[in-house]
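Survey of secondary and tertiary structure
Here are the chains, one letter per residue:
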Amino acid sequence: MAQPLLATCYRNPGVSFQRMYNAYKAYADLTDQIRLAAASSERILSLWGTMQFAAPLRCFQAYHELVALGGFTHRRPDYGIAEVTTDAGETVPVVEEVVATTPFCDLLRFSRQGASGEPRVLLLAPMSGHFATLLRGTIRTMLRDHEVYVSDWRNPRDVPLAEGTFGFEDFVQHIIDFLKFMGPQSHLVAVCQPTVPALAAVALMAQDQDPDTPASLTLMAGPIDTRISPTKVNEFATSKPIEWFREKMISKVPHGLPGAGRRVYPGFMQLSAFMSMNMDRHRNAFADLFKHRVDGDHAKADQIRTFYEEYFAIMDLDADFYLHTIETVFQKYALPEGNLTFKGRKVEPRAIKKTFLLTIEGEKDDICAIGQTLAAQDLCSGLRPYMKSHHMQAGVGHYGVFNGRRWDGHIYPVLREHIRSSM
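These lines cover the structure that appears in this document, whether it is placed above or below. (Residues numbered from 1 in each chain as written. Predicted model: local features only at pLDDT ≥ 70, side-chain atom pairs only at ≥ 80, totals over all residues. Heavy atoms only, no water.)

Focus on the overall build of the chain
Scanning the chain from N- to C-terminus turns up 15 helices and 14 strands. Taken over 423 residues, the chain has a buried fraction of 54%. Within the chain, contacts between residues separated by at least 24 positions form 78% of all contacts whose residues are at least 6 apart in sequence. Counting only carbon and sulfur atoms, one obtains 54% of the accessible surface of the chain, whose full area is about 18,500 Å². (Helix = DSSP H or I, 4+ residues; strand = E, 2+ residues; numbered from the N terminus. Buried < 20%, exposed > 50% of the residue type's maximum accessible area, 1.4 Å probe, protein only. Contact = heavy atoms within 4.5 Å. Areas by Shrake-Rupley, 256 points an atom, 1.4 Å probe, with all protein chains shown as cover.)

Details of the packing of aromatic side chains
One pass over the structure, following the stated rule, counts 22 aromatic pairs. Here the aromatic rings of Tyr 79 and Phe 110 are separated by 5.2 Å at their centres, their planes lie at 65 degrees, and the arrangement is edge-to-face. In this pair, Tyr 79 is assigned in the loop between helix H3 (57–69) and strand S1 (83–85) and Phe 110 in strand S3 (residues 105–112), connecting sequence segments 31 residues apart. The exposure class of Tyr 79 is buried, given its relative accessible area of 2%. (Phe/Tyr/Trp six-rings, centres within 6.5 Å; stacked < 30°, edge-to-face > 60°.)

Observations concerning the layout of surface pockets
Considering only enclosed or pocket space, the largest pocket measures out at about 990 Å³ in volume. Along the wall of the largest pocket there are 27 residues; nearest its centre are Arg 281, Gln 303, Phe 307, Tyr 399 and Asn 403. Of all the elements, helix H11 (residues 298–311) adds the most residues to the lining of the largest pocket, at seven residues. A breakdown of the residues in the lining of the largest pocket according to their chemical character gives 11 nonpolar, nine polar and seven charged. (1 Å grid on protein atoms, 1.4 Å probe; cavity = no way out; pocket = protein on both sides within 12 Å on 5 of 7 lines; lining within 4 Å. Points joined across faces, edges and corners; volume = space filled by probe spheres on them. Nonpolar A, V, L, I, M, F, W, Y, C, P; charged D, E, K, R; others polar.)

Description of the environment of Ile 352
Among the structural elements, Ile 352 can be located in the loop between strand S12 (345–346) and strand S13 (356–362). We classify Ile 352 as buried; its relative accessible area is 2%. It is 6.4 Å that separates the C-alpha atoms of Ile 352 and Cys 380, two residues lying 28 residues apart in sequence. Those residues within four positions of Ile 352 in sequence are excluded, and the remaining contacts are Leu 199, Val 202, Ala 203, Ala 206, Cys 380, Gly 382 and Leu 383.

Re helix H15 (residues 405–421)
An ideal rise of 1.5 Å per residue puts 24 Å on 17 residues; H15 measures up with 24 Å between its terminal C-alpha atoms. At Ile 411, H15 shows its maximal kink, close to 45 degrees; a proline, Pro 413, follows between one and four residues later. Those residues of H15 that sit buried are Trp 407, Ile 411, Tyr 412, Leu 415, Arg 416, His 418 and Ile 419. Close packing links the buried residues of H15 with strand S4 (120–124), helix H4 (136–142), strand S6 (187–191), strand S7 (216–220), S13 and strand S14 (388–393). (Expected span 1.5 Å × (residues − 1). Bend = angle between axes of the 7 residues up to and from the residue.)

Points about the sheet that holds S3
Strand order in the open sheet formed by nine strands is S1-S2-S3-S5-S4-S6-S7-S13-S14, with mixed pairing between adjacent strands. Every interior strand has two partners, whereas the edge strands, S1 and S14, have only one. Shown here is a sheet whose adjacent strand axes are inclined to one another by a mean of 25 degrees, direction ignored. Both S4 and S6 contribute to a ladder of four bridges, which runs parallel. Residue pairing across strands places Leu 123 opposite Val 189, the latter belonging to S6. Across the sheet, helix H5 (residues 168–182) is in contact with strand S2 (91–101), S3, S4, strand S5 (147–153) and S6; its angle to S4 comes to roughly 165 degrees. Each of S4, S6 and S7 is contacted by helix H6 (residues 195–207), which is oriented at about 160 degrees to S7, the strand it contacts most. (Pairing = 2+ DSSP bridges. Axes fitted to C-alpha atoms, helices over the stretch in contact; angles between N-to-C directions.)

Quick notes on empty space enclosed by the protein
Counted under the stated rule, the structure contains two cavities of 30 Å³ or more. Here the largest cavity is characterised by a volume of approximately 590 Å³. Elements with a minimum of two residues in the lining of the largest cavity: H6, helix H7 (232–237), helix H9 (267–277) and helix H12 (319–331). Element by element, the count of residues in the lining of the largest cavity is highest for H12, at six residues. Per-class residue counts for the lining of the largest cavity are 28 nonpolar, eight polar and no charged. There is about 40 Å³ of room inside the second largest cavity. Of all the secondary structure elements, the ones that give two or more residues to the lining of the second largest cavity are H12 and helix H13 (334–337). A total of three residues in the lining of the second largest cavity trace back to one element, the largest contributor, which is H13. Broken down by class, the residue content of the lining of the second largest cavity amounts to eight nonpolar, one polar and no charged.

What about the pattern of salt bridges?
Tallied over the entire structure, the rule returns 27 salt bridges. Arg 420 is the salt-bridge partner of Asp 145, the closest N and O atoms lying 3.8 Å from each other. Of this pair, Asp 145 sits in the loop between H4 and S5 while Arg 420 sits in helix H15, and the two are 275 residues apart along the sequence. Overall, the relative accessible area of 14% leaves Asp 145 in the buried class. Asp 318 serves as the salt-bridge partner of Arg 262, at 2.9 Å between the closest nitrogen and oxygen. Highlighted residues: Arg 262 in the loop between strand S8 (251–252) and strand S9 (263–265) and Asp 318 in strand S10 (residues 317–318), separated in sequence by 56 residues. The class of Arg 262 is buried, set by a relative accessible area of 1%. What emerges from the salt-bridge pattern is a single network uniting Asp 87, Arg 144, Asp 145, Asp 408, Arg 416, Glu 417 and Arg 420. (Salt bridge = Lys/Arg side-chain N within 4 Å of Asp/Glu carboxyl O.)

Structure below.
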């Protein structure tokens, strides 16, 4: 969350968040044309830059590349998972298809061509300002051994207002509906923010003795109990009353967009917030991109560019979901306090008795600190000890829990064995 910017809004009650979103849209419409022109110039200069006599043009190419990259997009990137390499070294084509849809989400299925009988896993992507493609690396790794279903959330600013609002309970209901679509003996993996609704959904299904209750549940780096070792994000969420967030952080989607009139927490504010927490790192990354491109180290330059193309693809949050999450998860601690309800029903994690539980945390996570996800172990008191396990990965931050070298080589094998042991 953008603490400096939020403080500015707080000190100046006259600041209109609606005017800010309208101004942002006008600015984005203008700069998009500049970025498109820069992208065209960058492509031309990249061709000339391959000529020996034109090496100085690499500086101009790198400059235009930075201009083209330096802006947000509100469209989901492609997953780009056309094939996967198995542990045996075999390259196998991947099939991606939409198998269920709602106004706010598509349920995607990724499967290796010709594979059958693989464990079915629902991978819950966060609804926290980025698209589900942020889990591209997670999906690619899990496809080695599983059939992977993904909650592909739609940008609320593209959802017509006539479709209604989307709140915390709607998120929980989506999980239940998707699990029932997948059928018995499926597996649920939640990354970061959806760990709370995921645990709630499984608890509710267990309370109902639903035959489609998942065989295993994995909670990765999520805010189950944010009273434990509060991070800066947690502290900010409790520093203001919920009315402040409702008044200062919510805007309406501007006219001219499909979701015009919908109340949202704008995506550009979310990303600006997270970037402000590590601004020096982002500045250095862009400087490194420029240097690597000029030096001809295109592999390193492409790696940085790929990251920011994904990082700058943003989505809004429906206001109901954002405000309910802030109040329920971060201010009232409803789940660990035993006060979380769903459509008037009390959510009781202790009712879970047949679903194997795995919690995963990162040693250097500055968003969900160590202990916050582990708290689910105590809440699920109805599980026998051998059905609960925990993994703390040394040396990784928040994103390293589900992406990168340590995820691939250390965390994923633990998750894979957890799923196998529950079957």
